[in-house]
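# Structural overview
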There are 2 protein chains.
Amino acid sequence: MKIVVVKNVLGHNARRAAALKRRFLQARCLAVNILGSPGAGKTSLLEKLIPVLKRRRLSVAVIEGDIATANDARRIEKAGAPAVQITTQGVCHLNAAMIDSALRRLGKLPDVLFIENVGNLVCPAAFELGEAERLVVLSVPEGDDKPAKYPEAFAGASAMVLNKLDLGAHCRFNRAKAILAARSVNPGLAVFETSCADCRGIPELAAWLTERRAAAFGGGRSR
Amino acid sequence: MKIVVVKNVLGHNARRAAALKRRFLQARCLAVNILGSPGAGKTSLLEKLIPVLKRRRLSVAVIEGDIATANDARRIEKAGAPAVQITTQGVCHLNAAMIDSALRRLGKLPDVLFIENVGNLVCPAAFELGEAERLVVLSVPEGDDKPAKYPEAFAGASAMVLNKLDLGAHCRFNRAKAILAARSVNPGLAVFETSCADCRGIPELAAWLTERRAAAFGGGRSR
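Residues numbered from 1 in each chain as written. Chains lettered and ligands numbered in written order. Predicted model: local features only at pLDDT ≥ 70, side-chain atom pairs only at ≥ 80, totals over all residues.

## Re the overall build of chain A
- Secondary structure summary: chain A contains eight helices and seven strands in total.
- For a compact globule of 223 residues, the expected C-alpha radius of gyration is about 17 Å, and chain A comes in at 17 Å, within 12% of that figure.
- Dimensions along the principal axes, computed over C-alpha positions, put chain A at roughly 50 × 45 × 35 Å.
- The buried share among the 223 residues of chain A stands at 52%.
- Considering only contacts in chain A between residues 6 or more positions apart, those separated by 24 or more positions represent 76%. (Helix = DSSP H or I, 4+ residues; strand = E, 2+ residues; numbered from the N terminus. Rg over C-alpha atoms; globule rule 2.2 N^0.38 Å. Buried ≥ 20, exposed ≤ 12 C-beta atoms within 10 Å, placed from the backbone. Contact = placed C-beta atoms within 7 Å.)

## Regarding the sheet that holds strand S2 (residues 60–66) of chain A
Residues and elements named next belong to chain A.
- In spatial order, the strands read S3-S2-S4-S1-S5-S6-S7; together these seven strands make up an open sheet with parallel pairing. Edge strands, defined here as strands with exactly one partner in the open sheet, are strand S3 (83–87) and strand S7 (190–193). Across this sheet, the average inter-strand angle for adjacent strands is 20 degrees, counted without regard to direction.
- Sheet topology places strand S6 (residues 159–163) next to S7; four bridges connect them, and they run parallel. Note on S7: the bridge partner recorded for leucine 162 is glutamate 193.
- Relative to the sheet, helix H2 (residues 42–55) contacts strand S1 (30–36), S2, strand S4 (112–116), strand S5 (133–139) and S6, its axis offset from that of S4 by approximately 175 degrees.
- Lying over the sheet, helix H4 (residues 96–106) contacts S2, S3 and S4, oriented at roughly 145 degrees with respect to S3. (Pairing = 2+ DSSP bridges. Axes fitted to C-alpha atoms, helices over the stretch in contact; angles between N-to-C directions.)

## So, the environment of asparagine 8 of chain B
- When you line up the elements, asparagine 8 of chain B lands in helix H1 (residues 2–26).
- Separated by 16 residues in sequence, asparagine 8 of chain B and phenylalanine 24 of chain B have C-alpha atoms that sit 24 Å apart.

## Here's the deal with the relation of the copies chain B and chain A
- Note on the identical chains: chain B maps onto chain A by a rotation of 180 degrees and an axial translation of 0.0 Å, with an RMSD of 0.0 Å. The two molecules are tied by a two-fold rotation axis, judged by turn and shift.
- When you check the interface residues of chain B against chain A, 100% turn up at the interface there too, and the contact is symmetric in its surfaces. (Least-squares fit on C-alpha atoms with pLDDT ≥ 70 in both.)

## Considerations on the interface of chain B and chain A
- In this assembly, 33 residues from chain B lie in contact with 33 residues from chain A.
- Every element with two or more residues in the side of chain B that touches chain A is listed here: H1, helix H5 (146–149) and helix H6 (151–155) of chain B.
- Taken together, the residues of the side of chain B that touches chain A sort by class into 15 nonpolar, 10 polar and eight charged. (Nonpolar A, V, L, I, M, F, W, Y, C, P; charged D, E, K, R; others polar.)

## What about the packing of helix H2 (residues 42–55) of chain B against helix H8 (residues 202–217) of chain B?
Residue and element names in this part refer to chain B.
- Where H2 meets H8, the closest approach of the two axes is 10 Å, and the angle between their N-to-C directions is 60 degrees. Considered as vectors, H2 and H8 are oriented oblique to each other. Crossing of H2 against H8: the hand is right-handed. On H8, the residues touching Lys48, Leu49, Val52 and Leu53 of H2 are Ile202, Pro203, Leu205, Ala206 and Leu209. (Parallel < 35°, antiparallel > 145°, perpendicular 65-115°, else oblique. Left-handed = near helix turned anticlockwise from the far one by under 90°.)

## Section: the confidence of the model for chain A
- Mean pLDDT for chain A: 94, with 95% of residues reaching 70 or above.
- With pTM at 0.93, the complex prediction returns an ipTM value of 0.90. (pLDDT = per-residue confidence, 0-100.)

## Focus on the nonpolar core
- Membership of the largest hydrophobic core comes to 140 residues, with the highest contact counts inside it found for Val32, Leu113 and Ile115 of chain A together with Val32, Leu113 and Ile115 of chain B.
- Setting aside its immediate chain neighbours within four residues, leucine 113 of chain B contacts Cys29, Ala31, Val32, Ala61 and Ile63 of chain B. (Core = buried A, V, L, I, M, F, W, Y, C linked by C-beta atoms within 7 Å.)

## As for H8 of chain B
Residue and element names in this part refer to chain B.
- Counted at 1.5 Å a residue, the expected span for H8 with its 16 residues is 22 Å, and the 23 Å between its end C-alpha atoms agrees.
- Of all the positions in H8, only Leu205, Ala206, Leu209 and Arg213 are classed as buried. End-on, the buried residues of H8 take up no more than an arc of 100 degrees, which puts them together on one face. For H8, the exposed residues set more than 90 degrees away from the buried face come down to Glu211, Ala214 and Ala215.
- The inward-facing, buried residues of H8 abut strand S1 (30–36), H2, strand S4 (112–116), strand S6 (159–163) and strand S7 (190–193).
- Positive backbone phi, approximately 75 degrees, marks glycine 218, located one or two places after H8. (Expected span 1.5 Å × (residues − 1). Arc of directions from axis to C-beta.)

## A closer look at the pairing of S4 of chain B
Residue and element names in this part refer to chain B.
- S4 sits mainly inside the fold: five of its five residues count as buried.
- Covered by surrounding structure in S4 are Val112, Phe114 and Glu116 together with Leu113 and Ile115, the residues of both alternating faces.
- Sheet analysis places S1 next to S4, joined by five bridges and oriented parallel. When the sheet's bridge partners are listed, asparagine 33 is paired in S4 with isoleucine 115.
- Taken together, the five bridges between strand S2 (residues 60–66) and S4 define a ladder with parallel strand orientation. Of the residues in S4, the one forming a bridge with isoleucine 63 is isoleucine 115.

So this is what it looks like as structure tokens:
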């Protein structure tokens with residue numbers, strides 16, 4: 001019984017997500033859904049990526065998903081991009097209807113739209129948001145066993161970002177083990193190694209996003 | 001529609017959880033439900049607590065909840081306690097029915113039964129498992145803003161464990177801010193500050209669990 005209901009919910013979400021995808025495509029907007037545990041560093045990565053992408057002459061906006069508080073939207077606006085906060089009031093993931101409603105508040109679509117999902121390595125993986133790319137962020141202190149323990153999040157991503165590399169010296173983290181486990185469920189997964197403390201890996205990740213956008217739409221601006 | 005279904009699921013779970021609670025009480029077994037993000041250090045804390053509790057002449061067993069793999073049950077058994085692994089196959093939380101089924105595999109109830117929930121700071125908070133105590137584990141690298149952003153997990157806990165204190169020098173973490181936010185939704189919350197690298201705070205947490213068991217059942221052994 002519960003499974004049937006969940007399937008209906010997912011089917012309904014998939015239809016709305018497909019409509020979002022068409023809208024993003026038409027506007028030449030690269031939508032990027034960002035998944036990760038609470039505290040993996042998703043907002044910090046965006047704070048670092050936004051100025052780099054803007055220097056590459058790409059417009060950026062962010063939809064922030066959180067259970068409670070609008071703290072993250074305020075951080076994003078300080079970093080120089082418009083942000084719309086969705087507070088889910090207890091719901092453990094974003095869905096396509098929430099994105100629809102956030103887009104009405106956002107106005108014109110940017111060249112790159114980041115959607116920072118609720119901090120949760122499980123539930124958001126099941127809900128498409130019309131995104132072209134999905135990043136899963138895994139921070140080094142979480143441990144190298146997480147891709148094996150939470151396979152769905154890694155199976156559905158286009159890139160894995162290993163974050164907080166600056167803490168690597170203080171944590172037992174075997175990067176080869178983490179990458180092997182993630183690629184065993186997703187052989188084509190791109191991997192980036194970043195730190196928001198010393199900014200390593202941020203230019204490479206920004207370059208990859210720029211390339212993905214060019215591959216999807218050519219190099220031009222959004223309409 | 002979805003809300004009605006979720007309420008039915010929660011009502012059904014609450015009835016099974018109440019039956020578990022009676023069973024734990026009758027057996028003088030202190031059941032402890034452990035919540036936290038992936039990588040907060042829940043399993044590592046148990047590895048450190050088990051020998052300390054055993055030296056206090058308490059029998060200990062663990063139910064391990066994970067989306068995939070039986071890695072954690074193996075770690076617990078190496079640490080000296082029997083463990084039953086529940087692999088939820090994608091489900092984002094443990095429920096009382098899963099605990100029922102794990103107890104059939106466990107056999108005799110111990111003095112202290114730890115239930116390590118799926119790594120997720122959102123969904124497990126809504127599902128009672130018949131526990132007497134609920135610990136929420138927050139690791140320092142996750143950030144001091146998490147109690148404000150995930151209030152339900154902190155509101156329902158009897159104790160918060162601030163873990164990975166050894167990484168404190170390398171992370172911007174304001175412990176007073178984290179404690180204030182957690183106690184603003186839960187004024188009676190006990191707080192422990194621990195590290196599994198240097199074992200600080202582990203004896204205090206073990207002493208608190210022993211006291212909670214004595215307060216519930218007197219000092220005797222489980223039946």
